[in-house]
Amino acid sequence: MPRVVPDQRSKFENEEFFRKLSRECEAFVATGTNLSLQFFPASWQGEQRQTPSREYVDLEREAGKVYLKAPMILNGVCVIWKGWIDLQRLDGMGCLEFDEERAQQEDALAQQAFEEARRRTREFEDRDRSHREEMEVRVSQLLAVTGSCCVAQAGLDLWQPSHLSLPSAGKKTTRP
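This is a predicted model, so every value here is computed, not measured.

## Side note on the pattern of salt bridges
Then, number 1: For the structure shown, the criterion picks out 21 salt bridges.
Then, number 2: One salt bridge in this structure joins Arg9 and Glu13, with 3.3 Å as the shortest N-O distance. Placement of both Arg9 and Glu13 in helix H1 (residues 8–14) is noted, with a separation of four residues, approximately one turn of the helix.
Then, number 3: Owing to a relative accessible area of 35%, Arg9 belongs among the partly exposed residues under this scheme.
Then, number 4: Relative accessible area serves as the criterion here: at 43%, Glu13 is assigned to the partly exposed category.
Then, number 5: Salt-bridge contacts for Glu15 lead to Lys11; the nearest nitrogen and oxygen are separated by 3.8 Å.
Then, number 6: A residue is classified by how much of its surface remains accessible, and Glu15, at 32% relative accessible area, is partly exposed.
Then, number 7: Here the residues in one salt-bridge network are Arg54, Asp58, Glu60 and Arg61, joined through shared partners.

Scoring rules and cut-offs
- Residues numbered from 1 in each chain as written.
- Predicted model: local features only at pLDDT ≥ 70, side-chain atom pairs only at ≥ 80, totals over all residues.
- Heavy atoms only, no water.
- Salt bridge = Lys/Arg side-chain N within 4 Å of Asp/Glu carboxyl O.
- Helix = DSSP H or I, 4+ residues; strand = E, 2+ residues; numbered from the N terminus.
- Buried < 20%, exposed > 50% of the residue type's maximum accessible area, 1.4 Å probe, protein only.

This is the structure:
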């Protein structure tokens, strides 16, 4: 399942949600949108968390403020939230920007996943077709061997269903 929509840039530029959030506005107040930013989460393998670089968390640019940059996928679109938060008042300003580089990477991953799914489907269909053809050959061979009403082969009687008759009055029918 792809993590991004097919035309990310168009969605970013045309949807009201993204247009609203792409203008600089008060962070966490005016938009009604609260973002929980987690920088470099620990991996599933239990590795240590990385410390974010100054590019993502800058406490030195201006005293009393932290400048943040957070890449994410939001509603299927690769974006970067850029803004600052006042460390005393815990409010700030920020906006979303379209992340062209990440969008291209995610599009490539989605295309690879699509191609892989198509390849696996094709392989499954080929195996299924081969199996059906093999079963048809086996049935044909079995019918060829059992073409007569009853063939004694290795002590077994093979009956062809078309030669079976229903018992009639006064007539006894034997079945294997």
